[in-house]
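Spelled out from the first residue to the last, the chains are:
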Amino acid sequence: MSAGRERDPHETAGSDTRPPVSSVLFLCGMNAIRSPIAEMLARKILPPTVYVASAGVRQGQRDPFVDAVLAERGLSLGERQPQRYEDMEDGYFDLIVTMAPEAHHAALDATGTASVEVEFWPMPDPSVVTGSREQILDAYRDVLRRIEERIKGRFGA
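Below: a short report on this structure. (Residues numbered from 1 in each chain as written. Predicted model: local features only at pLDDT ≥ 70, side-chain atom pairs only at ≥ 80, totals over all residues. Heavy atoms only, no water.)

## Topic: the pairing of strand β3 (residues 51–56)
Okay, so step 1: Taken across its 6 residues, β3 has 5 buried, putting it largely inside the fold.
Okay, so step 2: Looking at chain direction, strand β2 (residues 23–28) and β3 are connected through 6 bridges and run parallel. For Cys 28, the partnering residue across the bridge sits in β3 and is Gly 56.
Okay, so step 3: With helix α1 (residues 34–45) bridging β2 and the parallel β3, this β-α-β connection has right-handed handedness. (Buried < 20%, exposed > 50% of the residue type's maximum accessible area, 1.4 Å probe, protein only. Helix = DSSP H or I, 4+ residues; strand = E, 2+ residues; numbered from the N terminus. Pairing = 2+ DSSP bridges. Right-handed = clockwise from strand over helix to strand, strands pointing away.)

This is the structure we're talking about:
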């Protein structure tokens, strides 16, 4: 498989003449932290006409710190569990946003010559942070804030 269209990271949203996105997939390692946070934020920020989903390249387990920082924003994953990209029923998206190097490579490989844009938004993994519960939560809050800024910047929300 070859690579889909990768967006130049130096392009800015203001210089874009791309059509509006009708579906976006957020992809990370295990669909446990970064991509589900992005999915919930995007569902809140983007119009309801935009289909939003998230997945991981490997099987993951739900992370309770994600639930905690989303709850601070009035958001919830509900009963949603991590899912793998290869297990998704609907595999076509206008845009795939990757948040980890392994997810980026997997997305480029999987999209082949399809006309889907793949953007890499590198995000730190807050699960590697140690310290007190509050220090760990701060790392998760920081990732949430970074993702929120990227979504707003990318989609002009």
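## Notes on helix α4 (residues 133–155)
Okay, so step 1: Between its first and last C-alpha atoms α4 spans 33 Å; for 23 residues at 1.5 Å apiece the expected length is 33 Å, and the two agree.
Okay, so step 2: Those residues of α4 that sit buried are Ile 136, Leu 137, Ala 139, Tyr 140, Val 143, Leu 144, Ile 147, Glu 148, Ile 151 and Arg 154.
Okay, so step 3: On its buried face, α4 is in contact with β2, α1, α2 (64–72), β4 (95–98) and β5 (117–120).
Okay, so step 4: In the stretch just after α4, Gly 156 is the one whose phi turns positive, near 60 degrees. (Expected span 1.5 Å × (residues − 1). Contact = heavy atoms within 4.5 Å.)

## Comments concerning the pairing of β4
Two faces, one strand: in a regular strand the side chains alternate between the faces of the sheet.
Okay, so step 1: Of the two faces of β4, both are covered, the one formed by Leu 95 and Val 97 as well as the one formed by Ile 96 and Thr 98.
Okay, so step 2: Sheet topology places β2 next to β4; 4 bridges connect them, and they run parallel. Counterpart to Leu 25 in the pairing with β4 is Ile 96.
Okay, so step 3: Pairing of β4 with β5, which is carried by 4 bridges, proceeds in the parallel orientation. From the neighbouring strand, Leu 95 faces β5, where its bridge partner is Glu 117.

## Re the environment of Val 128
Okay, so step 1: Structurally, Val 128 can be placed in the loop between β5 and α4.
Okay, so step 2: Since its relative accessible area comes to 61%, Val 128 is described here as exposed.

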